[in-house]
Amino acid sequence: MAEEKDNALMEKIVSLCKRRGFVFQSSEIYGGFNGFWDYGPYGCRMKRAIENLWWHEMVETRDNVEGLDSTIICHPMVWKASGHVDQFSDLMTDCKDCKSRFRVDQMEDPTTCSNCGSKNLTEPREFNLMLQTYVGPVFDDEHKAYLRAETCQPIFVDFNQIRVASRQKLPFGIAQVGKSFRNEINPRNFTFRSREFTQMEMEFFCEEAQGMEFFEYWKEQRINYYKNKLKFKDDFFRIYVHEKLAHYAKAAIDIEVKFPFGWGELEGVHHRGTWDLSQHSKFSGQNLEYMDHDTGRKFMPTCIETSVGLDRTFLAVLANAYDEDKAATQKEGMDEDVRIVLHLPATIAPIQVAVLPLSKKLNENAEKLYKELNEHFRCEFDVTGSIGKRYRRQDEIGTPFCVTFDFESAADNAVTVRHRDSMEQERVSIDSLNKYLQDKINE
Ligand code: ATP
């Protein structure tokens, strides 16, 4: 399918991220470092909120999913057993004229350089994506180790430990959030393809006969999460069904998102059969089979995986939320052409409530209120500029509620709550403000 691209939107998102301190290049004062990104003050608030939302949805609200926080560097045999050392590679080609480097499977025409149009390309060659390091004082092959390329392998490796410690019976899942590293040939599209990124993965183990049922279950759960929790619009995401499957896989879908640079994979839901546990049994010599105590049957559990990138979710959330509102500008006495607004879900907005005193004389009382609210919500106290300018600053970072403390507030013990999306204002008593905001955020 032809890609629908909106380069202007991409530029606006990248620019907003830098300007407002969401995301910017790593090591920028040294010219940046390709494929690595830093999350600034608003960015890390939102990133953490998305991670917490995922964790809450996938682990905390389920009594049959356990958590894991494993190391980034594991025994090198883990990556031998998983196939990463021998097979985790992409085909790469270089343009001999302009020196651009490409992943062959991502080229529109693998015989032509998309940068300069030259046909003078090198023969495609394999390139392993594992990032390597050495553990111990000697830098030789024996001490070589890898930074994990995905967070799920330690889940398989620790399967027995977790099962025994948690006393879980099939079916149950194990989830992990953490950094993964891939030496991507061509990092691009902002944070979409990075060399260091965070994954949120869950492996759900069951009997083989239940595999397809749980594959369908998790697919639906994940779709509902994007619709209801991240508020993705219907035409913003779609399901891609894999027709060509890995030899061990039984079914696989990707949840794809309409990024400004075209449709791209956000999450995979995969029926991986018994492959991973079997591989680690074979390579470690430890039996990872499951014993059903009711029937006495011993078997290798089947696994359904849900695997999503946190950085890609972050970018998708921004693309789904970004809006330029031309009609609303005069409504609040502002004379600029457009109101830039992020329609973020209140649960993940970096700032949920901004407290704005109408005049400097009100700062002290307003700050008291801010400190109280800040115990319960992600809050910001802003005193600089006209109230209209302050609303705009909050709109641009997606703050759903601005609480204005005015000259009446001390007398009537009430404040004005201004809603980001409708720009409507409401008078709310300070005594009920906490509950009012809590209810609105959870709506
Ligand atoms: P792609 O085909 O885009 O390279 P993949 O199929 O290799 O992705 P998986 O190995 O299935 O990806 O990883 C699961 C998820 O991790 C992806 O859906 C994506 O959200 C995220 N992810 C993978 N590679 C990267 C990367 N280089 N940068 C950011 N996120 C990534």
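Rules and cut-offs
Residues numbered from 1 in each chain as written. Predicted model: local features only at pLDDT ≥ 70, side-chain atom pairs only at ≥ 80, totals over all residues. Heavy atoms only, no water. Near = heavy atom within 4 Å. Polar contact = N/O pair within 3.5 Å; in protein donor to acceptor, adjacent residues only side chain to side chain. Areas by Shrake-Rupley, 256 points an atom, 1.4 Å probe, with all protein chains shown as cover. Nonpolar A, V, L, I, M, F, W, Y, C, P; charged D, E, K, R; others polar. Domains from an automatic or database assignment. Pairing = 2+ DSSP bridges. Helix = DSSP H or I, 4+ residues; strand = E, 2+ residues; numbered from the N terminus. Axes fitted to C-alpha atoms, helices over the stretch in contact; angles between N-to-C directions. Contact = heavy atoms within 4.5 Å. Core = buried A, V, L, I, M, F, W, Y, C linked by side-chain atoms within 4.5 Å. Buried < 20%, exposed > 50% of the residue type's maximum accessible area, 1.4 Å probe, protein only. Expected span 1.5 Å × (residues − 1).

Draft legend 1. Representation of the site of the ligand. Residues in contact with the ligand amount to 16 residues; listed here are only the nearest, E184, R193, S194, E265 and L266. A distance of 2.8 Å is found between an oxygen atom of the ligand and a side-chain nitrogen or oxygen belonging to R193. Measuring from an oxygen atom of the ligand, one finds a side-chain N or O atom of E265 at 2.7 Å. Protein burial of the ligand: of its 580 Å² of free accessible surface, 84% is covered by the chains. Here the shell around the ligand is built from residues that sort into four nonpolar, five polar and seven charged.

Draft legend 2. Region of interest: the domain arrangement of the protein. Each domain of the protein was delimited in the assignment, giving domain 1 (2-81 + 134-318), domain 2 (89-128) and domain 3 (351-441). The C-alpha centroid of domain 3 is placed 54 Å from the C-alpha centroid of domain 2.

Draft legend 3. Up close: the sheet that holds strand β16 (residues 302-309). Sheet architecture is open: seven strands sit in the order β3-β9-β10-β16-β13-β12-β11, paired in mixed fashion. Sheet topology places β3 (65-68) and β11 (237-241) at the edges, where each strand pairs with a single neighbour. Averaged over all adjacent pairs, the angle separating strand axes in this sheet is 25°, with direction ignored. Helix α7 (residues 211-229) contacts β3, β10 (196-206), β11, β12 (251-259), β13 (262-273) and β16 of the sheet and is inclined by roughly 150° relative to β13.

Draft legend 4. Just the environment of V78, in detail. Looking at the element boundaries, V78 is found in helix α3 (residues 76-81). It is 35 Å that separates the C-alpha atoms of V78 and E108, two residues lying 30 residues apart in sequence. Discounting residues that sit within four places of it in the chain, V78 has contacts with Q153, V157 and H280.

Draft legend 5. Up close: the nonpolar core. In this structure, F22, W54, W218, Y226 and F232 are the most contacted members of the largest nonpolar core, which totals 60 residues. Those residues in contact with F232 that sit more than four places away from it in its chain are Y226, K227, F237, V257, L266, A316, V317 and N320. Counting 21 residues, the second-largest nonpolar core is a separate cluster that includes V353, L362, F401 and V428.

Draft legend 6. Seen up close, helix α9 (residues 310-321). When the terminal C-alpha atoms of α9 are compared, their 16 Å separation across 12 residues agrees well with the 16 Å that a helix rising 1.5 Å per residue should span. Across the 12 residues of α9, 12 count as buried, placing the element largely inside the fold. By the burial criterion, the buried members of α9 are L310, D311, R312, T313, F314, L315, A316, V317, L318, A319, N320 and A321.

Draft legend 7. Expanded view of the pairing of strand β22 (residues 414-419). Judged by how many residues are buried, β22 sits mostly within the fold: six of six residues are covered. Residue alternation in β22 divides its side chains into two sets, A414, T416 and R418 and V415, V417 and H419, and both sets are buried. Sheet analysis places strand β21 (residues 401-405) next to β22, joined by four bridges and oriented antiparallel. Across the sheet, residue T404 finds its bridge partner in β22, namely T416. Bridge count for β22 against strand β23 (residues 425-429) is five bridges, and the pairing is antiparallel. The partner of R418 across the bridge, within β23, is Q425. Taking the residues that link successive antiparallel strands as the turn, the β22-β23 hairpin has five residues, and the phi of M423 there is positive, at about 60°.

Draft legend 8. The environment of F102, seen in detail. Looking at the element boundaries, F102 is found in strand β5 (residues 101-103). Sequence-wise, F102 and N186 are 84 residues apart; in three dimensions their C-alpha atoms are separated by 6.2 Å.

Draft legend 9. Unusual backbone geometry, seen in detail. Residue P171 follows L170 across a cis peptide bond; omega there is -5°. Mapped onto the secondary structure, P171 falls in the loop between α6 (159-166) and β9 (172-181). We note that F190 has phi near 60°; this positive angle belongs to a residue other than glycine. By relative accessible area, F190 is classed as buried at 10%. You will see that M423, though not glycine, has its phi angle at about 60°, which is positive. Within the secondary structure layout, M423 lies in the loop between β22 and β23. Given the relative accessible area of 6%, M423 is considered buried.

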